[in-house]
Amino acid sequence: PTSQRFTYPEQSMWSTQMGRPAYAEFHFHISVAAQAGDFLMISAAPYEPTRSVFTLVESPIGQSISSQTTVKRAVANEITTVFGGAIHVRLLEALVPFRRYEVITSVVAPTAQAAQDHGGAIQWFLETRDFGALPTNTNDGNSREFPIVEEYLFVVTAARSPPLAEIIVSLDVTPALASPTALRVIAPLGFNFTETCYGPGESQYISECVPGQPTPSGRSTAELTVRGAPAVGLQGAARGILVRVQSPSQTPVAREWFIEGIDVLSDRQLGWGQATGIDVLPMQDTMAIYPGFTGVRSRIVWRFRTREMVQAGGYLDIRLPFGFAPECSATTVEAISLPVGGGCRVVNEATVHVFMNTTIVPREYVFAFYVTPPAAAPLFNELSIILRDPAGAVSDAAVSIPGSRILEKLRIREGQLLWTSTKANRVSTMTISFEVLESLPDLVVAPDQQIDEILITLPNNFVHLVEKPTDLQLMNENMPLRDVDYVDYFQKDRLRISLELNRSSWVTLKSGSYGFRFNVMVPSPMPTFNVWFISLCSPNYPEGCSQITDPAVMATFAMPGFNLGDPANGLTLTSGTSDRQIFSAVLWSFVLVMVGLCQN
């Protein structure tokens, strides 16, 4: 059927597989009337009819039998027996001589062994019978033979399958009785066979692999010549046939691979098989975190985990949306957890290369540089990170990472991250802040860019020591807090500060610095992803924001943390701090010093 060609574009091009369910369709007329109560019999041993589908219709003469708009009249019938390779159907109304009828019946095609044992052409018999000894109408088995081919066992595997990389795919194929002298492999959409798709290494089964013509649906193909062809074909199971393909950016929706066995002398299909495809596996735990405030220089922190090993001299190929004005050099790149001794270079406004002079091993890595988001959201607001070997070949990648939302009506930048101690298993007083460069617009001007909540997220293994609201010090008393329960401190790896909208002439935050001070316990060992987050959240989500990936989060500042043994960078206070807070900070520093003396 035409619909099958769209649903199964590859399978519909080929013959029915042996041993598989199929449909047989016939168009016929009779010369002698078949009365209601007579029988229609269809048989073609070793085919086995089934009761799954049986339709009998009258098709108007003068209409194309393939027309989908032809009005066809169903002929009432009932199946009586399905036995011995034949189906018997009782007619509940008469068949009229010389009218065209169409019948479709479900069958199971014979196996390769059954077809071979049959030893000749398979004939289809259509007969009408009354209760006499002879049929009233018969085709005497004079019908064309439906082509059926072998079903191949087919398995596709790959040791590695990152996006956009040249990968080695292993094919296992097992023909049945006939021996193909050529194989045609059809890959899923997005996979493309390389110009020299053979190898690596010598194959005992295949002598050549060349890319073929794409299928009508656009799939890439490869033509494999069997070693010794055309005199010798592929016999028995062939395992580990290696071919080279270029992987797509992501796993296609239709993942199936197909293989077709061909006799090159007769150009005849001998069989085909279908295999479950392979997944395209991007870098794990990949993140690109930056705030999308128009025209405000911001840090972009990258995190990724690779499964690959890349020798010294490899590099990271970073792709950004256009208009982000990246800044990355040997002095501005921040190697939070990345061997970037080779430096960093801005190739163009959308490409940055970060070079590594030591070997990359399978593990997690983190680094940062700076960008300035554009005035409007890019047409394609996506980022990619590609790990390349010293020759430039793709070793691992994560592509089409969604970019941050562009906030053209807000101007806010990252503040400071300060600490008082970097000793393991000790208390450190942290200060984290951001700066509002221009007072936030009101609800009329920017209804979808209001800040209702602030989320502070600690790196893994850090725990805060806030046990009551007063344990969290605000560094600017002009922050419009909710009257009650303005701080949620029950989860020890994050703090949530709730604001009260519509105060101070409909402005959430005025220009100035806004900081938060609280105590944490320094862990040991330190996490690889040693980054602190301060997120600004929208009021349009009832659940608020409890993690940086929540939909309520409008923007997130990512700030690299300290390492064990780093010097303390003090308790420098930002503008807007009250005298009472300064006294509290000095008193707290004195208490810490006293505690430290007692411990020593």
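Quick notes on the rules
Residues numbered from 1 in each chain as written. Predicted model: local features only at pLDDT ≥ 70, side-chain atom pairs only at ≥ 80, totals over all residues. Heavy atoms only, no water. Helix = DSSP H or I, 4+ residues; strand = E, 2+ residues; numbered from the N terminus. Rg over C-alpha atoms; globule rule 2.2 N^0.38 Å. Buried < 20%, exposed > 50% of the residue type's maximum accessible area, 1.4 Å probe, protein only. Contact = heavy atoms within 4.5 Å. Areas by Shrake-Rupley, 256 points an atom, 1.4 Å probe, with all protein chains shown as cover. Pairing = 2+ DSSP bridges. pLDDT = per-residue confidence, 0-100. Disulfide = S-S within 2.5 Å. Axes fitted to C-alpha atoms, helices over the stretch in contact; angles between N-to-C directions. Polar contact = N/O pair within 3.5 Å; in protein donor to acceptor, adjacent residues only side chain to side chain. Salt bridge = Lys/Arg side-chain N within 4 Å of Asp/Glu carboxyl O. Phe/Tyr/Trp six-rings, centres within 6.5 Å; stacked < 30°, edge-to-face > 60°.

Chemist: What's the story with the overall build of the chain in this structure? I'm lost.
Modeler: Counting its secondary structure elements, the chain contains three helices and 39 strands. In summary, the chain has a C-alpha radius of gyration of 36 Å against a globular reference of 25 Å for 600 residues, an excess of more than 25%. With the C-alpha coordinates of the chain rotated into their principal frame, the extents come out at 115 × 60 × 45 Å. The 600 residues of the chain split such that 48% are buried. Put simply, of all contacts in the chain between residues at least 6 apart along the chain, 74% involve residues at least 24 apart. Accessible area of the chain: about 28000 Å², with a carbon and sulfur share of 53%.

Chemist: What is the right way to read the pairing of strand S37 (residues 512-521) from this model?
Modeler: Looking along a regular strand, one sees side chains alternate from face to face of the sheet. The buried fraction of S37 is high, at nine of 10 residues. Where strand S31 (residues 427-436) and S37 come together, 10 bridges link them in antiparallel fashion. Bridge assignment links Ser433 to a residue of S37, and that residue is Gly515. Note that strand S33 (residues 463-464) and S37 share two bridges and pair antiparallel. Along S37, the bridge assignment pairs His464 with Val520. Bridge count for strand S34 (residues 473-474) against S37 is two bridges, and the pairing is antiparallel.

Chemist: Mind showing me how you'd approach the confidence of the model for the chain here?
Modeler: Reading predicted coordinates in detail is not appropriate for stretches of low pLDDT. The pLDDT averaged across the chain works out to 88; a share of 90% of its residues lies at or above 70. When mean pLDDT is compared element by element in the chain, S33 scores highest at 98, while helix H3 (residues 579-599) scores lowest at 39. Scored below 50 in pLDDT, residues 572-600 shows 36 contacts in the model against residues more than four places distant or in partner chains.

Chemist: Quick question: what am I supposed to make of the state of the cysteines here?
Modeler: Note: disulfide means a covalent bond formed between the sulfur atoms of two cysteine side chains. The final tally for this structure, using the stated rule, is three disulfides. Here Cys328 is linked by a disulfide to Cys344, with a sulfur-sulfur distance of 1.8 Å. Judged by the sign of its S-S torsion, about 115°, the bond between Cys328 and Cys344 is right-handed. Of this pair, Cys328 sits in the loop between strand S23 (315-319) and strand S24 (334-337) while Cys344 sits in strand S25 (residues 343-348), placing them 16 residues apart in sequence. With respect to burial, Cys328 and Cys344 carry one shared label: buried. With its disulfide-bonded cysteines labelled consecutively along the sequence, the chain is connected as 1-2, 3-4, 5-6.

Chemist: Please clarify how the sheet that holds S23 should be interpreted in this entry.
Modeler: The pairing of strands in a sheet comes from backbone hydrogen bonds and takes either a parallel or an antiparallel form. Read from one edge to the other, the open sheet built from five strands follows the order S25-S26-S23-S28-S29, with strand pairing classed as antiparallel. The sheet is open, and its two edges are formed by S25 and strand S29 (394-402), each paired on a single side. Each strand axis lies, on average, 15° off the axis of its neighbour in the sheet, ignoring direction. In this sheet, strand S26 (residues 351-355) lies alongside S25 in antiparallel orientation, the contact comprising five bridges. The partner of Val346 across the bridge, within S26, is Val352.

Chemist: Looking at this structure, I do not really get the side chain of Arg219. What am I missing?
Modeler: Residue placement: Arg219 occurs in the loop between strand S16 (206-211) and strand S17 (221-226). Within polar-contact distance, the side chain of Arg219 engages the backbone oxygen of Glu256 at 2.8 Å. Not counting residues up to four positions away in its chain, the partners in contact with Arg219 are Glu10, Ile186, Ala187, Pro188, Leu189, Pro214, Ala254, Glu256 and Phe258.

Chemist: What is the right way to look at the pattern of salt bridges in this model?
Modeler: Opposite charge on two side chains makes pairing possible when the charged atoms of those side chains draw close. Within the structure shown, the criterion is met by 29 salt bridges. For Arg303, the salt bridge goes to Glu364, with nearest N and O atoms at 2.5 Å. Pair noted here: Arg303 is in strand S22 (residues 298-305) and Glu364 is in strand S27 (residues 364-371), with a separation of 61 residues, a long-range link. The pair Arg303 / Glu364 is uniform in exposure class, with both members buried. The partner of Lys468 in a salt bridge is Asp471, and the shortest N-O contact between them spans 3.1 Å. Overall, Lys468 belongs to the partly exposed group, its relative accessible area being 43%. The exposure class assigned to Asp471 is partly exposed, which follows from its relative accessible area of 23%. Here the salt bridges share partners, and the residues they tie into one network are Glu58, Arg73, Glu93 and Arg99.

Chemist: Just to check I follow, could you spell out the pairing of strand S9 (residues 125-129) for this structure?
Modeler: The pairing of strand S3 (residues 39-43) with S9 spans five bridges and is antiparallel. Bridge pairing in S9 links Leu40 to Thr128.

Chemist: Can you help me understand the sheet that holds strand S19 (residues 257-263) in this one?
Modeler: Pairing in this open sheet of seven strands is mixed, and the strands run S1-S11-S20-S19-S14-S17-S16 from one edge to the other. Of all strands in the sheet, those bounded by a partner on one side alone are strand S1 (16-17) and S16. Two strands pair when backbone bridges link them, and strand S11 (residues 148-151) and strand S20 (residues 268-275) are joined in this way by two bridges, in the parallel orientation. Bridge pairing in S20 links Glu150 to Gly271.

Chemist: What's the story with the packing of aromatic side chains in this structure? I'm lost.
Modeler: Geometry of an aromatic ring pair is reported as the spacing of the ring centres plus the angle between the planes. The tally for this structure, following the rule as stated, stands at 20 aromatic pairs. Taking the centre distance of 5.3 Å and the plane angle of 45° together, the rings of Trp124 and Phe146 count as tilted. Placement of the pair is Trp124 in the loop between helix H2 (112-118) and S9 and Phe146 in the loop between strand S10 (137-138) and S11, with a sequence separation of 22 residues. On the basis of an interplanar angle of 90° and a centroid distance of 5.7 Å, the ring pair of Tyr290 and Phe324 is categorised as edge-to-face.

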